[in-house]
Amino acid sequence: MGNNILFLCCSIYDLPSSIKVGSADYIFCCDVLEHLEDPNRAIENIYITLKRGGRVFLSVPFGYREHGSGNVKDYFRFTREG
């Protein structure tokens, strides 16, 4: 039995239409959520795309300076209040 690896580059908002719902064993999302106006929607899309028992590897900056340029904004940091 072979391993199937899919590298998908798409809008995280379009994730459920880009890959079958409930089909991903693993999702890697690194330093993306702080650039989204609606990160909660993105997290919901990640959740529904995962298989039951799937794993998410997620990172977001906290102590890092604000960053972004042009159309790429830096909206927030995850804190107790945020």
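Data block above holds the structure.
Residues numbered from 1 in each chain as written. Predicted model: local features only at pLDDT ≥ 70, side-chain atom pairs only at ≥ 80, totals over all residues. Heavy atoms only, no water.

A.B. asks: What exactly am I supposed to notice about a nonpolar patch on the surface here?
C.D. replies: Taken together, the side chains of Val21, Tyr47 and Ile48 present a nonpolar region at the surface, about 320 Å² in accessible area. Tracing the backbone through its elements, the reader meets Val21 in the loop between helix H1 (15-18) and strand S1 (24-30). (Patch = residues over 30% accessible without salt bridge, like charges linked within 9 Å, V, L, I, M, F, W, Y side chains within 5 Å. Areas by Shrake-Rupley, 256 points an atom, 1.4 Å probe, with all protein chains shown as cover. Salt bridge = Lys/Arg side-chain N within 4 Å of Asp/Glu carboxyl O. Helix = DSSP H or I, 4+ residues; strand = E, 2+ residues; numbered from the N terminus.)

A.B. asks: How should helix H2 (residues 39-49) be read in this particular structure?
C.D. replies: Quick reminder: α-helices carry 3.6 residues per turn. Residues three or four places apart thus point the same way. Buried within H2 we find Pro39, Ala42, Asn45, Ile46 and Thr49. End-on, the buried residues of H2 take up no more than an arc of 115°, which puts them together on one face. The exposed set on the far side of H2, more than 90 degrees from its buried face, consists of Asn40, Glu44 and Tyr47. Buried residues belonging to H2 abut H1, S1 and strand S2 (50-59). (Buried < 20%, exposed > 50% of the residue type's maximum accessible area, 1.4 Å probe, protein only. Arc of directions from axis to C-beta. Contact = heavy atoms within 4.5 Å.)

A.B. asks: How do you make sense of the packing of aromatic side chains when you look at a structure like this?
C.D. replies: Each aromatic ring pair is summarised here by two numbers: the centre-to-centre distance and the angle between the ring planes. Considering all chains together, one arrives at 2 aromatic pairs under this definition. Between Tyr26 and Phe57 the ring centres are 6.1 Å apart and the planes differ by 35°, which places this aromatic pair in the tilted class. In this pair, Tyr26 is assigned in strand S1 and Phe57 in strand S2, connecting sequence segments 31 residues apart. The class for Tyr26 is exposed, based on a relative accessible area of 53%. Overall, Phe57 belongs to the partly exposed group, its relative accessible area being 39%. For the pair Phe28 and Phe57, a centre-to-centre distance of 4.8 Å together with 10° between the ring planes defines the contact as stacked. Residue Phe28 is located in strand S1, and its partner Phe57 is located in strand S2; the two are separated by 29 residues in the primary sequence. (Phe/Tyr/Trp six-rings, centres within 6.5 Å; stacked < 30°, edge-to-face > 60°.)

A.B. asks: Sorry, what's going on with the pattern of salt bridges here?
C.D. replies: Here the idea is simple: oppositely charged side chains can pair when their charged atoms come close. Counted by the stated rule, this structure contains 1 salt bridge. Asp25 is paired through a salt bridge with Lys51; the nearest N and O atoms lie 3.3 Å apart. Within this pair, whereas Asp25 is found in strand S1, its partner Lys51 is found in strand S2, the two being separated by 26 residues in sequence. Judged by its relative accessible area of 41%, Asp25 falls in the partly exposed class.

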